[in-house]
Amino acid sequence: MKTRNYQDVALGGIFAAGGLLILSQALTIHSMPGLPVGPGLFPTLTGAAMAFFGAVLAVQGWLTAPDEDIALLPEEGSRETAILYAPPKFFSPFVLGILGSTLASIVLMPVLGFLVTGLLFTFAVVLLSGGKLLPALIFSPIATGVIYAVFAYGFRVPLPRGLVG
Amino acid sequence: MDAFLLALGLVFNVETLLVITASAIFGLFVGALPGLTATMATALLVPVTFYMAPIPAIAAIISCTAMAITAGDLPGTLLRIPGTPASAAYVEDSYRMAQKGQAGLAIGIGVIGSVLGGLFGFVFLMLTAPALAKFALGFSSFEYFWLAVLGLSCAALISSGGMAKGALSLLLGLFIAQVGLDPLMGSQRFTLGLTELSGGISFIPAMIGMFALAEIMRAGRSGAPAVVQDNGRNPFKGTLKVLWQYRKNQVRGSVIGSLLGALPGVGGDLAAWITYSLAKRTSKTPELFGKGHPEGLVEAGATNNAALSASWIPAMVFGIPGDAVTAIAVGVLVMKGLDPGPQLLTVHPENFYAVMLVFVIANILMLPLGYVAARTARWIFEVPRALLNAAILLFCIVGSFSINNTMFGVGIMLVLGIVAYVLESRRFAIAPIILGIVLGPLVETNFTTSMIITSGNFAGFFGRPIAAVLGAATLIIWGLAIFGTVRRMMSERAER
């Protein structure tokens, strides 16, 4: 049976479309009067090359068998290969939780400040990562406090104080 | 000779030696923290040097930088967060070695290889500084363009996913580097109307997101558990044996690092990628690269520090900094009245020799400090994964925030972390993206300048001898890669 690498075909298509989009945008950038080149030249070349190699990848994926048999299934005793090339599990609670927590910290940190947000974030990540409640309760304030001290006092980074000051 | 004796007096006094030691410890601490770079460590030290005499001030910068760059290998080895773009070249190997229980060996190779490479770079700097800087000054935008393209090509083509995926990774990095104001006219490109994007996308949040966040998402709660490390008591055990086994790589990496590091704007980042590629291409076991094989680590690690020493050639002799760190150092030299340039060698040679001596001391100090760091760093494997995840992610957020003191950097980290997570699951290499981001402005500036000089005639890029050689080498490498890919595809189809 003929097998194709549909994931590479899809990614190649995405890159080709992205390259064409970059190319179309770059062609609208005006060049400097009297000069043979302008700020759009390098993006034009980048977009064209991305579209070309995206198409190459799509064709490669169409013509060749998927490499999952080699890459996704780990060799005996080769755990790291399995981890590195495991297919993404976007809908796993862990990945969604990590992404959600990070996004929430971006939104909440300017409002609540680093100390409160960092505490909540650390607590959530410990639980998401399979930690127990008590270690999460003990570790979150310590980690947040230490990192705050190092950056705020050691490196003079003005970490967000938030509305609660 | 009198100048050298004077230099000994300038360096071997309590104040300077204390400053060197304290700065090295500071560099070790900052460099070992995930997401913090040698540039950041050096920048943080500058205000402190206001209160120092000239030689201790520059000694602080040199020792801090050297140690921070070497310490950058620690988070790379233990957490897969490279400390510098240069260490991203070999982070897969060092990290996989740690996953196999060889963290001490990987760190030992990094530290001892860096010391040897750094000392080689110092000798090279002493012997060839004037002549080599003069040679590099003869380079024009054509040579710099081809040199950068050659390095980027090597990075893309050696990546594990094949030619098309390597090229796409690189192009993605180059595109990210184009976001913001263009270097020619200062007009906005791909900023989507966002003010925060006008300044471009910094490589630090990109690096943190693509390596650290993606790694945590991938490894997750079921990630690799604590791995028993083979050489816990003596982390450097077996290092000399490995270095002797790959002595050819050590010497070649040091020589190439010294030569490339002396070119302004090139530095250790590109040099490490080129020598890693070279090590893979000339290796008897290229299939082991990226899976925890020490050969590339030895060569690229030696290159890294040899290039670091050599990057001071244009900075010291002509006042032209080769990278961000030497740019800061040149600022400190000017601030202290030690104007970098030919007069530093002719009018005040004792200052030049004093700086050279600081190089030697800083490199030798790496051994005991690196040993302590390697011994203590292995404890990170004994920390429960849940706590480690939380601490690393908080570091990622603070590290990304601290670049511009806005949450926008954290957003960049998050977006690029997701991109890396998806791409890597399809065997795209991430490191060429980072290199594209870092070297993109250099490539574009030199390309645009060259195009203006030749009035848009691309043939002019081959008009100078060295540029022609570099250009031909780049085209041959791509030609061979395309030929190899087509031949492999045809043979695969024939087998089916």
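Right, let's walk through the structure included here. The shown structure was predicted, so the numbers you read here are calculated from the model rather than taken from an experiment.

Quick look at the overall build of chain B
Assigned secondary structure in chain B consists of 23 helices and 2 strands. Residues classed as buried in chain B amount to 61% of the 496 residues present. Expressed as a percentage of contacts within chain B between residues at least 6 apart in sequence, the contacts between residues at least 24 apart total 78%.

Things to note about the interface of chain A and chain B
For an interface, size is often stated in terms of accessible area lost upon the parts coming together. Counting residues at the interface gives 62 residues for chain A, matched by 59 residues for chain B. Sorting elements by how many residues they give to the side of chain A that touches chain B places helix H5 (residues 93-128) of chain A first, with 14 residues. Its residues placed into classes, the side of chain A that touches chain B shows 43 nonpolar, 15 polar and 4 charged.

Section: unusual backbone geometry
Residue and element names in this part refer to chain B. Phi is positive for Leu-192, close to 55°, though the residue is something other than glycine. Take Leu-192: it is sitting in the loop between strand E2 (188-189) and helix H11 (203-219). What makes Leu-192 exposed here is the crowd of 7 C-beta atoms within 10 Å. Positive phi is not limited to glycine here, since Ser-455 has a value of about 55°. Mapped onto the elements, Ser-455 comes out in the loop between helix H22 (431-453) and helix H23 (465-495).

Here's the deal with the nonpolar core
Residues B:Ile58 and B:Ile434 are the most contacted members of the largest nonpolar core, which totals 208 residues. Counting residues per element, this core draws most heavily on helix H20 (residues 385-404) of chain B, which supplies 14 residues.

Structural notes on the environment of B:Gly186
All names here are of chain B. Along the chain, Gly-186 turns up in the loop between strand E1 (180-181) and E2. Judged by C-beta crowding, with 10 C-beta atoms within 10 Å, Gly-186 ranks as exposed. The sequence separation of Gly-186 and Ser-198 amounts to 12 residues, and the corresponding C-alpha distance is 9.7 Å.

Remarks on the environment of B:Gly484
Assignment of secondary structure puts B:Gly484 in helix H23. Sequence separation between B:Gly484 and B:Met163 is 321 residues; the distance between their C-alpha atoms is 9.4 Å.

Description of the packing of helix H1 (residues 6-26) of chain A against helix H2 (residues 41-63) of chain A
All names here are of chain A. Close contact between H1 and H2 brings their axes to 7 Å; oriented N to C, the two are set at 160°. When the axis of H1 is compared with that of H2, the two are roughly antiparallel. Along this stretch, H1 crosses H2, giving a crossing that reads as left-handed. Partitioning the contact of H1 with H2 into residue classes produces 18 nonpolar, 10 polar and 1 charged.

Brief notes about helix H6 (residues 133-154) of chain A
Residue and element names in this part refer to chain A. The terminal C-alpha atoms of H6 lie 31 Å apart, and with 22 residues this matches the ideal 32 Å at 1.5 Å per residue to within 8%. Taken as a whole, H6 carries its principal kink of about 30° at Phe-139; the proline Pro-141 stands between one and four residues after it. Among the residues making up H6, those that are buried are Ala-136, Phe-139, Ser-140, Ala-143, Thr-144, Ile-147, Tyr-148 and Phe-151. Of the residues trailing H6, Arg-156 is marked for its positive phi of about 55°.

So, H11(B)
Counted at 1.5 Å a residue, the expected span for H11(B) with its 17 residues is 24 Å, and the 23 Å between its end C-alpha atoms agrees. Summarising burial for H11(B): 17 of the 17 residues are buried, a large majority.

Cut-offs and rules
Residues numbered from 1 in each chain as written. Chains lettered and ligands numbered in written order. Predicted model: local features only at pLDDT ≥ 70, side-chain atom pairs only at ≥ 80, totals over all residues. Helix = DSSP H or I, 4+ residues; strand = E, 2+ residues; numbered from the N terminus. Buried ≥ 20, exposed ≤ 12 C-beta atoms within 10 Å, placed from the backbone. Contact = placed C-beta atoms within 7 Å. Nonpolar A, V, L, I, M, F, W, Y, C, P; charged D, E, K, R; others polar. Core = buried A, V, L, I, M, F, W, Y, C linked by C-beta atoms within 7 Å. Axes fitted to C-alpha atoms, helices over the stretch in contact; angles between N-to-C directions. Parallel < 35°, antiparallel > 145°, perpendicular 65-115°, else oblique. Left-handed = near helix turned anticlockwise from the far one by under 90°. Expected span 1.5 Å × (residues − 1). Bend = angle between axes of the 7 residues up to and from the residue.

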